Amino acid sequence: GENSPFTAYQKKAKSEVFAEGCGFYKLFWLFFIGSMLGDLVETLFCRATMGTWMSRSSLVYGHFSVVWGMGIVLLTMMLHRYRDKSDRYIFVFGTVVGGAYEYICSVLSEIVFGTVFWDYSAIPFNLGGRINLLYCFFWGFAAVAWFKGLYPVLARWIAKIPARPGKLLVWALTVFMA
């Protein structure tokens, strides 16, 4: 009948959305997409500012920038519940979180790899050459563009992925990226 446990299970299965909310599967896809977009943005930025093509990938295979992927995940996790706030709120939050994230990445990369990957000492309003106010503002603008533009579109696309193949693909890509 219509009220049987089997019918309730079928309705629940049909209403289940892959990667709903801000869970692991959605965050993985955001990491994956953010890593590729970050690599592309940095590669084009280096081409435009230095006149040379330079690989910005941080993995052996594929065009992925782990720093950008993790940045997207961190920003999404921290701001997801505030995504409907004003652009000004998201800009300020993104500026602070992005600056803190970039500073921490700079310190960790120096400790772990023993090298400096970027130095903003020549740019005004820098903090130990690790971050600067201008690039922190870029993080703020990126946060607004993310939550007001890209995130809603990507979240809808990710939600359309069938659950079972989506989960299998996440684990296959995790192994590939590892």
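Everything below is about the structure printed above this text.
Described in the following lines is the structure provided in the data block.

Reading guide: rules and limits
- Residues numbered from 1 in each chain as written.
- Predicted model: local features only at pLDDT ≥ 70, side-chain atom pairs only at ≥ 80, totals over all residues.
- Heavy atoms only, no water.
- Helix = DSSP H or I, 4+ residues; strand = E, 2+ residues; numbered from the N terminus.
- Buried < 20%, exposed > 50% of the residue type's maximum accessible area, 1.4 Å probe, protein only.
- Contact = heavy atoms within 4.5 Å.
- Areas by Shrake-Rupley, 256 points an atom, 1.4 Å probe, with all protein chains shown as cover.
- Axes fitted to C-alpha atoms, helices over the stretch in contact; angles between N-to-C directions.
- Parallel < 35°, antiparallel > 145°, perpendicular 65-115°, else oblique.

Attention now goes to the overall build of the chain. Per the secondary structure count, the chain includes six helices and two strands. Reading the helices (α) and strands (β) of the chain from amino to carboxyl end gives α-α-α-α-β-β-α-α. Scored against the burial criterion, the 178 residues of the chain give a buried share of 34%. Contacts in the chain between residues at least 24 apart in sequence constitute 66% of all its contacts with a sequence separation of at least 6. Total accessible area on the chain stands at roughly 11400 Å², and carbon and sulfur atoms take up 68% of it.

For Phe 125, which is not glycine, the phi torsion reads 60° and is therefore positive. Within the fold, Phe 125 resides in the loop between helix H4 (87-113) and strand S1 (126-127). The exposure class of Phe 125 is exposed, given its relative accessible area of 68%.

Another aspect to go through is the environment of Val 41. In this fold, Val 41 is placed in helix H2 (residues 24-50). Looking at Val 41, the relative accessible area reads 44%, which means it is partly exposed. As a C-alpha pair, Val 41 and Trp 68 span 27 residues in sequence and 9.8 Å in three-dimensional space.

This part takes up the environment of Gly 69. Its location among the elements puts Gly 69 in helix H3 (residues 66-79). With near-sequence residues (within four places) excluded, Gly 69 lies in contact with Phe 31, Gly 34 and Ser 35.

Moving on, we get to the packing of H3 against helix H5 (residues 133-159). To describe two helices that pack against each other, one gives the angle between their axes and the distance between the axes. Interaxial distance between H3 and H5 falls to 11 Å at its minimum, and their mutual angle equals 80°. When the axis of H3 is compared with that of H5, the two are roughly perpendicular. Between H3, through Ile 72, Leu 75, Thr 76 and Leu 79, and H5, the contact on the second element is made entirely by Ala 143, Trp 146, Phe 147 and Tyr 151.

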